Structure formats: C-alpha cells, structure tokens
Amino acid sequence: MEQENSTTTVKNFFLVGFTESAMLQYILFITFLIIYSMTWLGNVTIITTLITDQQLHKLMCFLLGNLAFIDLSESPVTLPKMLWDLLSEVKTITFGGCITQMFFFHFTGDAVAILLIVMALDRYVALHKPFQYLNVMNHNVLLRLVAGAWVEGFVHSIVQVALVIRLPFCGPNFLDNFYCDVPQVIKLACRDSYVVSNSGLLTTLIFIALIVSYAVILVKIRTRITEGKHKAFSTCGAQVAVVSIHFVPSIFIYAHPFQKLVVDKAISSLYTVITPMLKPIIYTLRITETKNAVNRLLNIFFR
C-alpha cells in the first residue's frame, strides 16, 4: 500500500465546475463569453491606443501596455477551457493539461504582481525625484524591470509546479473547481501535502507593501504637488484600484490552501475572469490621457 501511494496513477481530473443545472450552465456560458470578449476588446484597445497614439509614448504608458499584454496572456489560461466545459456533460482535464494550466496561471499571475510593483516604483520616483526621473527610470531600466517580472513569474511558477509534481496522486480525481490550481490539486494528493509552499503570505506582504507605498505617494501628492495634482491623483487612484482587485481575491484564495470555503469558486471566478476585464476599464476611465486617446482612436474607426 505504501508503494502504491508513492506513485501517481491518476491520468485525468474530473472538474466539478459551478453547477449541475443545465440552464444555469448556459447562462454562465453566455455571461462568461461576454466577459471574455470584453476582456480582449478592452486590452487590445488599450494596446492599440498606446502604440498608435504618439502622445502616449511615455514610460508609464509603456508599463500600462505591458500590463494589458499580460492580462491578454492570463485570460486564455482558464476561460476557453471553462467555456468548453460549461457546454460539456463530462468535464475532464488530463494530468499533464492540469499541470500546464497551473504553470501558465501562476506564470502570468505572478508577472502581473511584479509589474504592479514596478508601476508603484515608477510613480514613487516620478513624484519624489521628478528632475532625476528620466535618468532613473529610463527606457532601458524599464525594459529590464519588465523582463524581470516575466523571469520572476517563470521561476515562481516552476517552483510551484515542481512541488506539486512531487506529490503522488492515486485517487480520488474529482477536482472541486472549474480550473486547476495548487490549493485544490494538493488536496487530492495521496499523502500529506505540507511540502507545497503557500503563496498566501507572500501575496499578502506584497499587497500591504503596495498599499503603504501608494499611501505615501498620495500623501506626497496632497501636500507637496501643486500643478497636475488631479492628473497625479487619477493615475495613482487607478493603480490602487487595480492593485486591490488583483490582490484581494488572490489573498482570499491562497491564505487558506488546505481549507474549503463555500465562496471559493465565486472568488476564483472574480480573480480569473472578471479582474482582467476590469483593469482596462479602470485605466480608461480614471486616467485622463488614456481616456482621451481611446476616444480619439474610436472616433477614427466610427467617424
């Protein structure tokens, strides 16, 4: 028995999904398909606007474009499979497919987290050292920071996946979720899964550090900035909103990896489905330059 439990015999995972009601599954399919379409439309619009509008060829907009690109990369990791399963009677994913989905999910998700840190650093330097800003945060530096975000996401994801692969899976193989992620998969391991690292503490610390950083930035804007105060508030306010909708749901999910709560699936759908759609909307509505540029682009197409 000990030998049997030391190897992985599971070839497929059955995804429980959201509900067994066929009518509700059709409603969710239409809802998530609309959200998926809006996610692509919003992020592609942001990227196209930043590339074509000469007025937005700035360092901050370069970071915003990379964030939109990562959101485009993150959304297809879970949504297409979820949409397919909502129309399928049997919802399965191979063991290899599950591991691959986990890899790309953490790869893109962690890259977003690091990029949000870079964006906070960019605003801090812009407000605290405005005269040295172009020297400190030049294009080459931002390229290295963005590349570092992708590299860190890759390393983090490799570590997570490597720890999961070490665990034996010999049944049961019913995954109580609509996609593969570490907190749900490790519960199906045949032995104790304490060897898997918990991302909840790290995510919480990053979120607290970012909120404190933006609090310092906002105080700086309020007390010392006289010109362009509204513009600075709008930019930082948009970033605080994006940081919150990205980190709060993920903290909830990863802070209790070995417990199951009723609202886990709802929070997971918020984190994986809705958040990538909200980010371009927030940036478009909150940042005046971006909003005006999007309006100019739309006027060209619908003139």
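Keep in mind it's a predicted model, so treat the numbers as computed, not measured. (Residues numbered from 1 in each chain as written. Predicted model: local features only at pLDDT ≥ 70, side-chain atom pairs only at ≥ 80, totals over all residues. Heavy atoms only, no water.)

Engineer: Describe the overall build of the protein, with residues and values.
Structural biologist: Counting its regular elements, the protein contains ten helices and three strands. Starting at the N terminus and walking to the C terminus, you meet the elements of the protein as β-α-α-β-α-α-α-β-α-α-α-α-α. When each of the 303 residues of the protein is scored for burial, the buried share is 50%. (Helix = DSSP H or I, 4+ residues; strand = E, 2+ residues; numbered from the N terminus. Buried < 20%, exposed > 50% of the residue type's maximum accessible area, 1.4 Å probe, protein only.)

Engineer: Tell me what's going on with helix H2 (residues 59-86), and back it up with residues and numbers.
Structural biologist: Helix length check: H2, at 28 residues, gives a terminal C-alpha distance of 41 Å against a target of 40 Å (1.5 Å per residue), a fit within 8%. Most pronounced at Pro76, the bend in H2 amounts to some 35 degrees. Counting buried positions over the 28 residues of H2 gives 21, a clear majority of the element. (Expected span 1.5 Å × (residues − 1). Bend = angle between axes of the 7 residues up to and from the residue.)

Engineer: Provide a residue-level description of the sheet that holds strand E2 (residues 92-94), including the pertinent values.
Structural biologist: Here three strands make up an open sheet; going across it, the order is E2-E1-E3 and the pairing mixed. Since the sheet does not close on itself, it has two edges, and those belong to E2 and strand E3 (174-175), each with one partner. (Pairing = 2+ DSSP bridges.)

Engineer: Explain the packing of aromatic side chains to me, using residue names and the numbers behind them.
Structural biologist: To describe a pair of aromatic rings, one takes the distance between the centres and the angle between the planes. Across all of its chains, the model carries 16 aromatic pairs by this definition. With 5.8 Å between their ring centres and 80 degrees between their planes, Phe105 and Tyr271 make a pair best called edge-to-face. Linking Phe105 in helix H3 (residues 95-128) with Tyr271 in helix H9 (residues 264-286), this pair joins segments that are 166 residues apart in sequence. You can call Phe105 buried: its relative accessible area is 3%. Ring centres of Phe107 and Trp150 lie 5.4 Å apart, and the angle between their planes is 70 degrees; on these two criteria the pair is classed as edge-to-face. Placement of Phe107 in helix H3 and of Trp150 in helix H5 (residues 139-165) is noted, with a sequence separation of 43 residues between them. A relative accessible area of 15% places Phe107 in the buried class. (Phe/Tyr/Trp six-rings, centres within 6.5 Å; stacked < 30°, edge-to-face > 60°.)

Engineer: Could you give me a rundown of H5, with the residues and numbers involved?
Structural biologist: Residues separated by three or four positions in an α-helix point in the same direction, a consequence of the helix having 3.6 residues per turn. For H5, spanning 27 residues, the distance from its first C-alpha to its last is 39 Å, which sits close to the expected 39 Å at 1.5 Å a residue. Buried within H5 are the following residues: Leu142, Val146, Ala149, Gly153, His156, Ser157, Gln160, Val161, Leu163 and Val164. Capping of H5 at its N-terminal end is provided by Asn138; its side-chain oxygen lies 3.1 Å from the backbone amide nitrogen of Asn140. (Polar contact = N/O pair within 3.5 Å; in protein donor to acceptor, adjacent residues only side chain to side chain.)

Engineer: With reference to specific residues and values, describe the nonpolar core.
Structural biologist: Counting residues in each nonpolar core, the largest one holds 42 residues, and the members touching the most others are Leu67, Leu115, Leu116, Met119 and Phe247. Counting residues per element, the ones that place at least two in this core are helix H1 (22-52), H2, H3, H5, helix H7 (199-224), helix H8 (229-254) and H9. For this core, the leading source of residues is H3, giving eleven residues. Apart from the residues lying within four places of it in its own chain, the contact partners of Leu116 are Leu67, Leu210, Tyr214, Val242, Val243, His246 and Phe247. (Core = buried A, V, L, I, M, F, W, Y, C linked by side-chain atoms within 4.5 Å. Contact = heavy atoms within 4.5 Å.)

Engineer: So, the environment of Leu63: which residues are in play, and what are the values?
Structural biologist: Here Leu63 lies in helix H2. In this structure Leu63 comes out as buried when scored by relative accessible area, which is 0%. Sequence separation of Leu63 and Leu143 is 80 residues, and the distance between their C-alpha atoms is 9.2 Å. Setting aside chain neighbours within four positions, we find Leu63 in contact with Leu115, Val118, Met119, Asp122, Leu142 and Val146.

Engineer: Residue-level account of the state of the cysteines, with values.
Structural biologist: Here is the idea: a disulfide is a covalent bond, and it sits between the sulfur atoms of two cysteines. Enumeration over the complete set of coordinates arrives at two disulfides. The disulfide partner of Cys170 is Cys190, and the gap between their sulfur atoms is 1.9 Å. Pair noted here: Cys170 is in the loop between H5 and E3 and Cys190 is in the loop between helix H6 (182-185) and H7, with a separation of 20 residues, a long-range link. The exposure class of Cys170 is partly exposed, given its relative accessible area of 25%. (Disulfide = S-S within 2.5 Å.)

Engineer: Run through the UniProt feature "transmembrane region" (unreviewed entry) in the protein, naming residues and quoting values.
Structural biologist: Using the residue numbers shown here, the UniProt feature "transmembrane region" (unreviewed entry) corresponds to residues 23-44, 93-121, 141-165, 201-221 and 233-255. Measuring from the first to the last C-alpha atom of residues 23-44 gives 32 Å, for a span that is 100% helix and 0% strand. For residues 233-255, helix accounts for 96% and strand for 0%, while the C-alpha atoms at its two ends are 31 Å apart. (UniProt positions renumbered as here; feature names shortened; annotations may be inferred.)

Engineer: Quick one: what's the story with the confidence of the model for the protein, residue by residue and with numbers?
Structural biologist: For the protein, per-residue confidence averages 81 on the pLDDT scale, and residues scoring 70 or more make up 84% of the total. The least confident element of the protein is helix H10 (residues 288-301), whose mean pLDDT is 68; the most confident is E2, at 91. Between residues 1-5, whose pLDDT stays under 50, and residues either more than four places distant or in other chains, the model counts four contacts. (pLDDT = per-residue confidence, 0-100.)

Engineer: Let's hear about the side chain of His106: which residues, and what values?
Structural biologist: Residue position: His106 is located in helix H3. Only 2.8 Å separates the side chain of His106 from the side chain of Asp181, close enough to count as a polar contact. The contact partners of His106, leaving out residues within four places of it in the chain, are Gly153, His156, Ser157, Gln160, Asp181, Val182 and Tyr254.

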